[in-house]
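So the chains spell out like this:
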Amino acid sequence: MHTRRDFLQFAAVAACLNGVAGFSPRASAQQQLTQDDLLAFNAKGKLTLLHLTDLHAQLKPLYFRPPSENIGVGDYAGIPPHLVGEDFLKHFGLERGSALAYAHTMVDYVDMARAYGRLGGLDRTATLVNAIRAERGDSNVLLLDGGDTWQGSYTALKTNAQDMVDCMALLKPAAMVGHWEFTLGTDRVEEIIDSLDYPFLASNIVDNDWEEPVFESTSIVQAGDTTVAIIGQAMPYTPIANPRWMFPQWSFGLRLEALQANVDAAREQGAEVVVLLSHNGFDVDRKLASEVSGIDVILTGHTHDAIPQAINVGNTLILASGSHGKYLGRVDLEVKNGKVTDHSSNLIPVFSDVIEPDKQMADKINEVRAPYQPELDRVIGKTDSLLYRRGNFNGTWDDLICQGMMEERDAELSFSPGFRWGTTLLPGDNITIDDLYTQTAMSYPQVYRLEFTGERIKEILEDVCDNLFNPDPFFQQGGDMVRVGGMGYSCAPEAAMGSRINNMTLLATGEPIDPNKSYVVAGWASVNEDVEGPAIYDLMENYIGKQDIIKVEPNQSVKFTG
Amino acid sequence: MNLTRRTFLTASASAAVAAFFGSQQAFASLEDLNKALNDYTGGAEPGEGPLTLTTPEIAENGNSVPVSVLVESPMTEDDHVESVMILAEGNPLPDVATFHFSSMSGEAKASTRMRLAKTQNVVAVAKMSNGDFYKVSNNVKVTIGGCGG
């Protein structure tokens, strides 16, 4: 994809990076970009699907640095979404310095962020959704919420996600699916679902006693003159990746037989288009598309991958619409005689500075945040370094969290989970409570302090590593590698489980980790019940408050071996 | 696989002689597994057949892993499934359960839950009334959990 728009942006930003005097980089980059440009689309047929996924409760515009590593293994190596930086630009024909290069890669990240500003903001997304509904006709547009919507901010934590429920209601989704939603616990999830005007779908959740479906699997809707079936797929490994005790009656899994049966049933009921609204993760859905027949479009989430256009697997289109509100995914379908005959797709990057906020949504966002505004704005520190989370092995935010846990809990080592949610702060930014909670807001935040033997530490690392790099995507759970403080190691993703992690070294002494020796480890987000310790957000508020200014040196302690 | 209450009752009724073994000391060797298999088949080599074994790809709870088996069969006097044995090759004792059927069973379908000590292959072997044996195997991963994004 190479449009005139990209070229103009490239020219403008290239100029500002070269330091033309008296030239505001921000203004120049944005002069080239308009709301109409973002909405420009090669419309097809009548039906439009809009996909918003993995918002992680981010109502306001934000910075989100894309990862430096997103390694694919086996058949999935080196193909989207396992491309980053220059490789991504080359594969998709994007110019370095263009708006899309900034949205999709970490190349020149800080300069690009200062030039193009923040992405996202649900009031901006609402403007885009409304414009597309006006363009295509309200009834022809289905907005689908891919889940991980109700968790990830201070206000979502304090309101038990009511802030997100109230804001999302204004967007009038046709359906949603879940993952982190379940960490609100069974009662709250059921309470919210009862209040929704749209279905919460899951083809792959059954109750533990009778293995009967817990949720509706399918919603069949009339979109204009097209009959569309939406089938939902929750994150299959929620009870493994997150605390099962919070929703003990529900069993998940891929359940492809149930999915195939639901697809077939939808076709029998007259569905001309079958959409899978999925929280499986990209590679899982890529494989699933070749094993389950009859799905026209998979709107995929969970792994936070953003791919500029939908990818074809056989007769199935897969659209991966990123995370944190950075993008709105759009697929247009032409349907003739009950079959999809043509399509067009795009991720629309939500450049917050050039999109007029939707007033109704902006008012609602202000309303839900207002009771907490003084606390949200409270400055707890300042950073000299770029703070971000994404990356297969580490990110500076987690480096900071690992350091904070070791110091505050007097531990030799620390573990921070490989979550992919959390926003980015630029060098020179203040750190507010709002910022801290984008990294830490969740319902099982206790920081434990335990002794593990070196052997056990190796087992844990190997186990997590296999969740990330198992060559069969159906065994991948979708997060990144657990971040380790105080210890270096090498990782060979292509190796077999049990032999990927080597050269484990205690950084304090430079000594190898002894399998038989016990080490004091601090960590957070344990899936076990009754974990004791301070909440990670309180611990980090204390720790950050003690530092004059945050400086995180580049992390050299994990060596990646091919 | 969508198991209904009826299926569960069928399974319970069929599983008149379901043998369960708890976790004990050492893990089974492949020898133990092969011996159990041989005792069951009388030395016959099981082939591929219309036998479906349903297990999760990754166990949510290693102490209670759902497992179900289904054998396509007319279930007549002349042509029916006699029994299905389930083995867990990485457990201290590999025998999990044996479900017995007859032409009166209606269908050869059963489900239960098993404990899995670690990541391992779960094997199902069906014995047919004509003396044929079918075998199928699934790998089930037992993981520490946590850290999901």
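About the thresholds
Residues numbered from 1 in each chain as written. Chains lettered and ligands numbered in written order. Predicted model: local features only at pLDDT ≥ 70, side-chain atom pairs only at ≥ 80, totals over all residues. Helix = DSSP H or I, 4+ residues; strand = E, 2+ residues; numbered from the N terminus. Rg over C-alpha atoms; globule rule 2.2 N^0.38 Å. Buried ≥ 20, exposed ≤ 12 C-beta atoms within 10 Å, placed from the backbone. Contact = placed C-beta atoms within 7 Å. Pairing = 2+ DSSP bridges. Axes fitted to C-alpha atoms, helices over the stretch in contact; angles between N-to-C directions. Arc of directions from axis to C-beta. Parallel < 35°, antiparallel > 145°, perpendicular 65-115°, else oblique. Left-handed = near helix turned anticlockwise from the far one by under 90°. Nonpolar A, V, L, I, M, F, W, Y, C, P; charged D, E, K, R; others polar. Domains from an automatic or database assignment. Core = buried A, V, L, I, M, F, W, Y, C linked by C-beta atoms within 7 Å.

1. Details of the overall build of chain A
So, point 1. In terms of helices and strands, chain A carries 19 helices and 22 strands.
So, point 2. Its C-alpha radius of gyration of 23 Å places chain A within 12% of the 24 Å reference for a compact globule of 562 residues.
So, point 3. The C-alpha extent of chain A, read off along each of the three principal axes, is 70 × 70 × 50 Å.
So, point 4. Evaluated residue by residue, chain A yields a buried proportion of 55% over its 562 residues.
So, point 5. Considering only residue pairs separated by 6 or more positions, chain A has 75% of its internal contacts joining residues 24 or more positions apart.

2. Here's the deal with the overall build of chain B
So, point 1. A tally of regular secondary structure across chain B gives two helices and seven strands.
So, point 2. Element order for chain B, N to C, with α for helix and β for strand: α-α-β-β-β-β-β-β-β.
So, point 3. Looking at chain B as a whole, 38% of its 149 residues are labelled buried.
So, point 4. A separation of at least 24 residues holds for 72% of the contacts in chain B among residues at least 6 apart in sequence.

3. Here's the deal with the sheet that holds strand β7 (residues 133–140) of chain B
All names here are of chain B.
So, point 1. The sheet built from four strands is open, its strands ordered β4-β3-β6-β7 with antiparallel pairing. Pairing within the sheet leaves two strands with one partner each, and these edge strands are β4 (95–100) and β7. Going across the sheet, the axis of each strand differs from the next one's by a mean of 15°, ignoring polarity.
So, point 2. Alignment of strand β3 (residues 81–88) against β4, held across five bridges, turns out to be antiparallel. Bridged to I86 within β4 is A97.
So, point 3. Against the sheet, helix α2 (residues 30–41) engages β3, β4, β6 (120–128) and β7, with an angle of about 175° to β3.

4. Some thoughts on helix α6 (residues 109–116) of chain A
Residue and element names in this part refer to chain A.
So, point 1. What α6 keeps buried is the set M112, A115 and Y116. Looking straight down α6, one finds its buried side chains confined to an arc of 80°; they lie on one side.
So, point 2. The first or second residue beyond α6 is G117, which carries a positive phi of 80°.

5. Section: the environment of P371(A)
So, point 1. In this structure, P371(A) sits in the loop between α14 (359–369) and α15 (373–377).
So, point 2. With 114 residues separating them along the chain, P371(A) and E257(A) place their C-alpha atoms 47 Å apart.

6. Focus: the packing of helix α17 (residues 433–440) of chain A against helix α19 (residues 536–546) of chain A
Residue and element names in this part refer to chain A.
So, point 1. Where α17 meets α19, the axes come as close as 10 Å, and the angle between the chain directions of the two elements is 135°. Taken as axis vectors, α17 and α19 run oblique relative to one another. Crossing of α17 against α19: the hand is right-handed. Residues L436, Y437 and T440 of α17 touch α19, and the partners they reach there are I536, Y537, M540 and E541.
So, point 2. Of the residues assigned to the contact of α17 with α19, the class counts are five nonpolar, one polar and one charged.

7. Description of unusual backbone geometry
Residue and element names in this part refer to chain A.
So, point 1. Backbone torsion omega between P80 and P81 reads 5°, so that peptide bond is classified as cis.
So, point 2. Its place among the elements puts P81 in the loop between β1 (47–52) and α4 (85–92).
So, point 3. A positive phi angle is found at H302, which is not glycine, with a value near 85°.
So, point 4. By the secondary structure assignment, H302 is in the loop between β9 (297–300) and β10 (311–313).
So, point 5. Classification of H302 as buried rests on a count of 34 C-beta atoms within 10 Å.
So, point 6. Phi at H324 is positive, roughly 60°, even though this residue is not glycine.
So, point 7. With respect to the secondary-structure elements, H324 resides in the loop between β11 (316–320) and β12 (327–336).

8. A look at the sheet that holds strand β22 (residues 558–560) of chain A
Residue and element names in this part refer to chain A.
So, point 1. Taken in spatial order, the three strands of this open sheet run β20-β19-β22, and their pairing is mixed. A single partner strand is all that each edge strand has here, and the edge strands are β20 (501–506) and β22. Neighbour-to-neighbour, the strand axes of the sheet open up by a mean angle of 10°, direction not taken into account.
So, point 2. Sheet topology places strand β19 (residues 487–491) next to β22; three bridges connect them, and they run parallel. Looking at β22, one finds that S490 is bridged to K559.
So, point 3. Together, β19 and β20 form the strand contacts of helix α18 (residues 454–469), whose direction differs from that of β20 by roughly 135°.

9. Points about the interface of chain A and chain B
The figure often quoted for interface size is the accessible area lost as the parts come together.
So, point 1. Facing the 34 residues of chain A at the interface are 19 residues of chain B.
So, point 2. Put simply, the parts of the chain that give the side of chain A that touches chain B at least two residues each are α11 (238–241), α12 (256–268) and α18 of chain A.
So, point 3. When residues in the side of chain A that touches chain B are grouped by element, the largest group, four residues, is from α18(A).
So, point 4. For the side of chain A that touches chain B, the per-class residue count stands at 19 nonpolar, nine polar and six charged.

10. What to know about the packing of helix α9 (residues 162–171) of chain A against α14(A)
Axes are the key here: two packed helices are described by the angle between their axes and the distance separating the axes.
Residue and element names in this part refer to chain A.
So, point 1. Between α9 and α14, the shortest axis-to-axis distance is 10 Å and the interhelical angle comes to 170°. Considered as vectors, α9 and α14 are oriented roughly antiparallel to each other. Side by side, α9 and α14 meet where D163, D166, C167 and L170 of the first sit next to Q360, M361, K364, I365 and V368 of the second.
So, point 2. Among the residues forming the contact of α9 with α14, the class breakdown is five nonpolar, one polar and three charged.

11. Let's talk about the domain arrangement of chain A
All names here are of chain A.
So, point 1. Under the domain assignment used here, chain A contains domain 1 (1–32 + 69–117), domain 2 (48–64 + 119–368) and domain 3 (378–560).
So, point 2. The distance between the C-alpha centroids of domain 1 and domain 2 comes to 27 Å.
So, point 3. Opposite the 13 residues of domain 1 that make contact, domain 2 presents 16 residues.
So, point 4. Mapped onto the side of domain 1 that touches domain 2, the elements with two or more residues apiece are α5 (99–104) and α6.
So, point 5. Within the side of domain 1 that touches domain 2, the residues separate by chemical class into 10 nonpolar, three polar and no charged.

12. Some thoughts on the nonpolar core
So, point 1. Of all hydrophobic cores here, the largest spans 190 residues; its most connected members are V275(A) and V84(B).
So, point 2. Tallying contributions element by element places α18(A) first for this core, with seven residues.

13. Some words on the pairing of strand β6 (residues 226–233) of chain A
Residues and elements named next belong to chain A.
So, point 1. For β6, the buried fraction is high: seven of the eight residues fall into the buried class.
So, point 2. Relative to β6, strand β5 (residues 218–223) is paired through six bridges, and the arrangement is antiparallel. When the sheet's bridge partners are listed, V221 is paired in β6 with V228.
So, point 3. The loop that links β5 with its antiparallel partner β6 comprises two residues; one of these, G224, has a positive phi angle of about 60°.
So, point 4. Sheet analysis places β6 next to strand β8 (residues 273–278), joined by six bridges and oriented parallel. In the sheet register, V228 faces β8, and the bridge partner there is V273.

14. So, the environment of E291(A)
All names here are of chain A.
So, point 1. Within the element layout of this structure, E291 appears in helix α13 (residues 282–291).
So, point 2. Overall, the presence of 11 C-beta atoms within 10 Å leaves E291 in the exposed class.
So, point 3. Along the chain, E291 and D207 lie 84 residues apart, while their C-alpha atoms are 25 Å from each other.

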